[in-house]
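Structural characterization, general
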Amino acid sequence: MLIDSSDKIIIADTSCFIAFDNIGRFDILKEICPNIVTTPEVAAEYKEPLPEWVQIIKVKDIGKIKSINALFGLGEASIIALALETANPLVILDDKRARQFAQNIGLAFTGIVGLLRLGFKQGLITEIDSVIAGLRKINFRLPSNIEELIKG
């Protein structure tokens, strides 16, 4: 199912920034998600300055981060906590356990594959094969049927 992100507040985890940075394609992320937000915790995990178009928002209830952090890394915990404080969020998560947790608490989520599919379907990515090759080169975990998932 293709997620319509146009009316959502998109909240990204560290792996999203690392993957697009490592393949040199932040331009794709900006095209797909021009109004992306993240947390100071994710920005710290990323360890490099984030692009200026990424908005950093603090979670109001730090206790939420602490309780969720018992289950996942600090980046995942902080974006899930921020999503719980945000109207109509779409969380970008690639960690399987974090995605299951998000699903269990009713959060809309996608991952890098979902973002690529959205970008391809919207015509924002025309050279998807080179993007997939770049992700494989950096050993990003991709499903074996990635081309079918994105183009199908």
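Residues numbered from 1 in each chain as written. Predicted model: local features only at pLDDT ≥ 70, side-chain atom pairs only at ≥ 80, totals over all residues. Heavy atoms only, no water.

**Observations concerning the packing of helix α7 (residues 112-121) against helix α8 (residues 128-137)**
In contact at an axis separation of 11 Å, α7 and α8 are set at 165 degrees when each is read in the N-to-C sense. Taken together, the axes of α7 and α8 lie roughly antiparallel to each other. Note on packing geometry: the crossing formed by α7 with α8 is right-handed. Here I112, L116 and F120 of α7 come into contact with α8, specifically with I128, V131 and L135. Classifying every residue of the contact of α7 with α8 by side-chain character gives six nonpolar, no polar and no charged. (Axes fitted to C-alpha atoms, helices over the stretch in contact; angles between N-to-C directions. Helix = DSSP H or I, 4+ residues; strand = E, 2+ residues; numbered from the N terminus. Parallel < 35°, antiparallel > 145°, perpendicular 65-115°, else oblique. Left-handed = near helix turned anticlockwise from the far one by under 90°. Contact = heavy atoms within 4.5 Å. Nonpolar A, V, L, I, M, F, W, Y, C, P; charged D, E, K, R; others polar.)

**Thoughts on the nonpolar core**
If you look at the biggest cluster of nonpolar residues, it comprises 53 residues, and the most contacted ones within it are F17, F20, L29, I36, L116 and L135. When residues of this core are assigned to their parent elements, the largest contribution, six residues, is made by helix α5 (residues 74-84). Filtering out sequence-adjacent residues up to four positions away, L29 remains in contact with C16, F17, F20, P34, I36, W53 and L115. (Core = buried A, V, L, I, M, F, W, Y, C linked by side-chain atoms within 4.5 Å. Buried < 20%, exposed > 50% of the residue type's maximum accessible area, 1.4 Å probe, protein only.)

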